[in-house]
Amino acid sequence: MDTAKNPERAAPGALTAFARFVLCGGGVGVAAGFAVTALAGRIPWVLANALVTVVSTLLATELHARFTFGAGGRATWRQHTQSAGSAAAGYAVTCLAMLALSWLVETPGAVLEQVVYLSASALTGAARFAVLRLVVFARNRSRAAATAPTTRPLPATVARASSPADPAALCRAA
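Residues numbered from 1 in each chain as written. Predicted model: local features only at pLDDT ≥ 70, side-chain atom pairs only at ≥ 80, totals over all residues. Heavy atoms only, no water.

Colleague: So what's going on with the packing of aromatic side chains? Residues and values would help.
Modeller: Applying the stated criterion across every chain yields a total of six aromatic pairs. Residues Phe18 and Phe129 carry aromatic rings whose centres are separated by 5.1 Å and whose planes lie at 85° to one another, so their mutual orientation is edge-to-face. One end of the pair, Phe18, is in helix H1 (residues 14-40); the other, Phe129, is in helix H4 (residues 110-136), with 111 residues separating them in the sequence. Taken together, the ring pairs in this structure connect Phe18, Phe21, Phe69, Phe129 and Phe137 into an aromatic cluster. (Phe/Tyr/Trp six-rings, centres within 6.5 Å; stacked < 30°, edge-to-face > 60°. Helix = DSSP H or I, 4+ residues; strand = E, 2+ residues; numbered from the N terminus.)

Colleague: An account of the layout of surface pockets is requested, with residue identities and associated values reported.
Modeller: Put simply, the largest pocket is a space of about 520 Å³. Counting only elements with at least two residues in the lining of the largest pocket, the list comes to H1, helix H2 (45-68), helix H3 (77-104) and H4. Residue contributions to the lining of the largest pocket peak at nine residues, all from H1. The residue makeup of the lining of the largest pocket, split by class, is 13 nonpolar, 13 polar and one charged. (1 Å grid on protein atoms, 1.4 Å probe; cavity = no way out; pocket = protein on both sides within 12 Å on 5 of 7 lines; lining within 4 Å. Points joined across faces, edges and corners; volume = space filled by probe spheres on them. Nonpolar A, V, L, I, M, F, W, Y, C, P; charged D, E, K, R; others polar.)

Colleague: Describe H4, and please don't skip the residues or the numbers.
Modeller: Between the first and last C-alpha of H4 there are merely 34 Å, a value that for 27 residues lags more than 12% behind the 39 Å anticipated at 1.5 Å per step. The complete set of buried residues in H4 reads Gln114, Val116, Tyr117, Ala120, Thr124, Gly125, Arg128, Phe129, Leu132 and Val136. (Expected span 1.5 Å × (residues − 1). Buried < 20%, exposed > 50% of the residue type's maximum accessible area, 1.4 Å probe, protein only.)

Colleague: I'd like a description of the side chain of Thr61, backed by residues and values.
Modeller: You can see Thr61 is positioned in helix H2. Note on Thr61: relative accessible area 2%, which makes it buried. Within the structure, Thr61 has its side chain in polar contact with the backbone oxygen of Thr57 (distance 2.7 Å). Setting aside its immediate chain neighbours within four residues, Thr61 contacts Ala75, Gln79, His80, Ser83 and Phe137. (Polar contact = N/O pair within 3.5 Å; in protein donor to acceptor, adjacent residues only side chain to side chain. Contact = heavy atoms within 4.5 Å.)

Colleague: Which residues make up a nonpolar patch on the surface, and what are the values?
Modeller: On the surface, Leu96, Leu99, Trp103 and Leu104 cluster together into a nonpolar patch covering about 530 Å² of accessible area. Overall, Leu99 belongs to the partly exposed group, its relative accessible area being 38%. (Patch = residues over 30% accessible without salt bridge, like charges linked within 9 Å, V, L, I, M, F, W, Y side chains within 5 Å. Areas by Shrake-Rupley, 256 points an atom, 1.4 Å probe, with all protein chains shown as cover. Salt bridge = Lys/Arg side-chain N within 4 Å of Asp/Glu carboxyl O.)

Colleague: Before we move on, can you summarise the pattern of salt bridges with the specific residues and values?
Modeller: What the rule picks out here adds up to two salt bridges. One salt bridge in this structure joins Glu62 and Arg66, with 3.3 Å as the shortest N-O distance. In this pair, Glu62 and Arg66 both sit in helix H2, four residues apart, roughly one turn of the helix. Given the relative accessible area of 13%, Glu62 is considered buried. On the basis of relative accessible area, Arg66 is assigned to the partly exposed category, the value being 36%. For Arg74, the salt bridge identified is with Glu62, shortest N-O distance 3.7 Å. Note that Arg74 is positioned in the loop between H2 and H3 and Glu62 in helix H2, a separation of 12 residues in sequence. Among the residues examined, Arg74 registers a relative accessible area of 61% and is labelled exposed.

Right, dumping it as structure tokens:
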């Protein structure tokens, strides 16, 4: 009973995958929020957000490949690259949210910064779930490509077996 290492195991349903996405991605996101706040005291916020986004994206993509979407193994470079594209969009949204906060509130506290950052992250997280499930870790696309015929099928008239001739005629011909 080695289902954990079987790459052909069934993909989880949408609700199960979303629950796993929230646990894995949300857990990484919350840790990232604290990491950005801690780093922003030492380096510029935009740089702190960029560093944390890169590290958290790598970690989250591995978790999603192994647990969330039931891929059964490590994420490929293609999956990391596609996931990074969706994370770049998330990075832009969080930066815009924090920029808007700085325009609206002269000196926001750490709690307000966390609320704004995590809210922006949650919105982009919902969009990322759809992208990761439907594009990055979509099984049917890779299976369809693997099972697609490489040659054109024969027409039905050629593929059909002809009916046998009269046995007596076959014996005379032999």
